[in-house]
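Summary of structural features
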Amino acid sequence: MLVNQQWEEPVPEAKPYSIPKQLVVDAYQRVKQNRGAAGVDGESLVAFEKDLKGNLYKIWNRMSSGSYMPPPVRLVEIPKDDGRIRPLGVPTVADRVAQTVAKTVLEPLVEPMFHPDSYGYRPGRSALDAVGTARQRCWDFDWVIDLDIAGFFDNLDWSLVEKAVAHHTDIPWVRLYIARWLRAPVQRPDGTLEQRVKGSPQGAVISPLLANLFLHYAFDVWMRRQFPSVPFERYADDVAVHCKTEEEARSVLEAIRGRCVKNAAC
């Protein structure tokens, strides 16, 4: 479905934030491609498209004026193979479009500086690329530390995420809406709202980019500085670290544990 990016504004007015309308149209096309379930409003992608032009205009108008307020994310609990539950936060279709607008602007600013051994949720990279690199390194290193940061998305420190975002962009609306998305409440299956004090919902469009940005500084840069001869592959919060000896592996693991606690990432 093609959309004309030119909408009629009922009353011409100056907007505090300059967000091109085409950016919203392109964001919608990406959301449509990725599909996804309805959020707390129960509006599916098909229902959203019934007034597509009007809905896209509302998103652009509210984001440009600074009045866009993210709705709660719908909590969906997915059983894991080990018996635990993976909590997913499903944003509304409109909110996925809005988040994609911000991601489209922020991603090119941070992507070029990401570590070459960071593979998760990055353009042109995949889990198979990470596995291939790990397999090759296993021929040269006898010990591997297999890391999975428990509850990583649910425990992201907002102040550290916002500090990292501010380091890479001074675009006020990007910083404003990321702060609001981080603080959006969660709606449980029974309809009750839960206010959050940390974390970024796994399932939100912006979350993987924020997670990579956080771990770039909390882990990747730190590893390069503290252990320059110890290679690793990271796919979001799953990491394989290669060591020459058991002694080195235990030492590196203990240092990583301390680093995780310090950055509230474990």
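Everything discussed here concerns the structure shown above.
Here's what I pulled together on the structure shown here. (Residues numbered from 1 in each chain as written. Predicted model: local features only at pLDDT ≥ 70, side-chain atom pairs only at ≥ 80, totals over all residues. Heavy atoms only, no water.)

Some points on helix α5 (residues 127-137)
Cut-off, in case you're wondering: For the exposure calls, accessible area comes from a 1.4 Å probe over protein chains only, and a residue counts as buried if that area is under 20% of its type's maximum, exposed if over 50%, partly exposed in between. Note on conventions: DSSP H or I runs of at least 4 residues are helices, E runs of at least 2 residues are strands, and numbering of each starts at the N terminus. Arc definition: directions from the helix axis to the C-beta atoms. Whether two residues are in contact is decided by their heavy atoms: any pair within 4.5 Å suffices.
For α5, the set of buried residues is A130, T133, A134 and R137. The arc that holds every buried residue of α5, seen down its axis, measures 100°, which confines them to one face. Exposed side of α5, more than 90 degrees from the buried face: L128, V131, R135 and Q136 are the residues found there. For α5, the elements touching its buried residues are β6 (232-235) and β7 (238-243).

So, the sheet that holds strand β2 (residues 85-90)
Filter applied, for reference: Criterion used throughout: strands pair if DSSP finds at least two bridges between them.
Strand order in the open sheet formed by four strands is β2-β1-β4-β5, with mixed pairing between adjacent strands. If you trace the sheet from one side to the other, it starts and ends with β2 and β5 (193-194), each paired once. Relative to β2, strand β1 (residues 73-79) runs antiparallel, the two sharing six bridges. Its bridge partner lying in β2, V76 is registered against L88.

Quick look at the nonpolar core
Threshold: Note on terminology: a nonpolar core comprises buried Ala, Val, Leu, Ile, Met, Phe, Trp, Tyr and Cys residues joined through side-chain atoms within 4.5 Å.
With 63 residues, the main nonpolar core has M63, W173 and V241 as its most contacted residues. A total of 10 residues in this core trace back to one element, the largest contributor, which is helix α8 (residues 207-226).

Details of the state of the cysteines
Here is the rule we go by: Pairs of cysteine sulfur atoms within 2.5 Å are identified as disulfides in what follows.
For the structure on display, the rule yields zero disulfides. Not engaged in a disulfide, the cysteine C243 finds its nearest cysteine sulfur in C138; these two sulfurs lie 11 Å apart. Classification of C243 as buried rests on a relative accessible area of 0%.

Examining empty space enclosed by the protein
Put simply, the rule is: Cavities and pockets were defined on a 1 Å grid built from protein atoms only: a cavity is a group of points that admits a 1.4 Å probe but offers it no way out, a pocket is an open group of points flanked by protein on both sides within 12 Å along at least five of seven lines, and a lining residue is one with an atom within 4 Å of any such point. Grid points are joined across faces, edges and corners, and a volume is the space filled by probe spheres set on the points. Each residue gets one label: Ala, Val, Leu, Ile, Met, Phe, Trp, Tyr, Cys and Pro are nonpolar, Asp, Glu, Lys and Arg are charged, and the others, such as Gly, are polar.
Enumeration according to the criterion identifies two cavities of 30 Å³ or more in this entry. Of the voids in this model, the second largest cavity is the one considered here, and its volume is about 40 Å³. Residues belonging to the lining of the second largest cavity are distributed by class as follows: six nonpolar, three polar and one charged.

Concerning the environment of Y17
In this fold, Y17 is placed in the segment before α1 (21-34). Linking Y17 and P172, residues 155 residues apart in sequence, is a C-alpha distance of 7.9 Å. Filtering out sequence-adjacent residues up to four positions away, Y17 remains in contact with M63, S64, G66, P172, W173 and L176.

Details of the packing of aromatic side chains
Here is the rule we go by: When two rings of Phe, Tyr or Trp (its six-membered ring) have centres within 6.5 Å they constitute a pair, described as stacked for plane angles under 30 degrees, edge-to-face for angles over 60, and tilted for the intermediate range. Working rule: Lys NZ or Arg CZ, within 6 Å of ring centre, within 35 degrees of ring normal, means a charge sits over the ring.
One pass over the structure, following the stated rule, counts nine aromatic pairs. Geometrically, the ring pair formed by F152 and F214 is tilted, given 6.0 Å between the ring centres and 55° between the ring planes. Here F152 is found in the loop between β3 (143-148) and α6 (158-168), whereas its partner F214 is found in helix α8, with 62 residues between them in sequence. The buried category is assigned to F152, whose relative accessible area is 2%. On the accessibility criterion, F214 (4% relative accessible area) is buried. Relative to F227, the ring of W222 lies with its centre 5.8 Å away and its plane at 80°, an arrangement referred to as edge-to-face. Its relative accessible area of 18% is what places F227 among the buried residues. Following the ring pairs from residue to residue traces out a cluster consisting of Y68, Y177 and W181. Across from the ring centre of W60, 4.8 Å away, lies the NZ or CZ of K21, which sits over that ring.

A word on the pattern of salt bridges
Two side chains carrying opposite charge are able to pair once their charged atoms lie near each other. Formally: For salt bridges, the criterion is a side-chain nitrogen of Lys or Arg within 4 Å of an Asp or Glu carboxyl oxygen.
The final tally for this structure, using the stated rule, is nine salt bridges. The residue E233 makes a salt bridge to R137 at a minimum N-O spacing of 2.7 Å. With a gap of 96 residues between them, E233 in strand β6 and R137 in helix α5 connect regions that are remote in the sequence. Each member of the pair, E233 together with R137, is buried. A single salt-bridge network, built from bridges that share partners, covers D117, R137 and E233.

Digging into helix α3 (residues 52-65)
Quick reminder of the rule: Residue count minus one, scaled by 1.5 Å, sets the expected span of a helix.
If you check α3, its first and last C-alpha atoms are 20 Å apart, about what 14 residues at 1.5 Å a residue would give, namely 20 Å. Of the positions making up α3, those classed as buried are L52, N55, L56, Y57, I59, W60, N61, M63 and S64. Next to the buried residues of α3 lie α1, α2 (45-48), α4 (93-110) and α7 (172-183). Once α3 finishes, G66 follows within two positions and takes phi at roughly 85°, a positive value.

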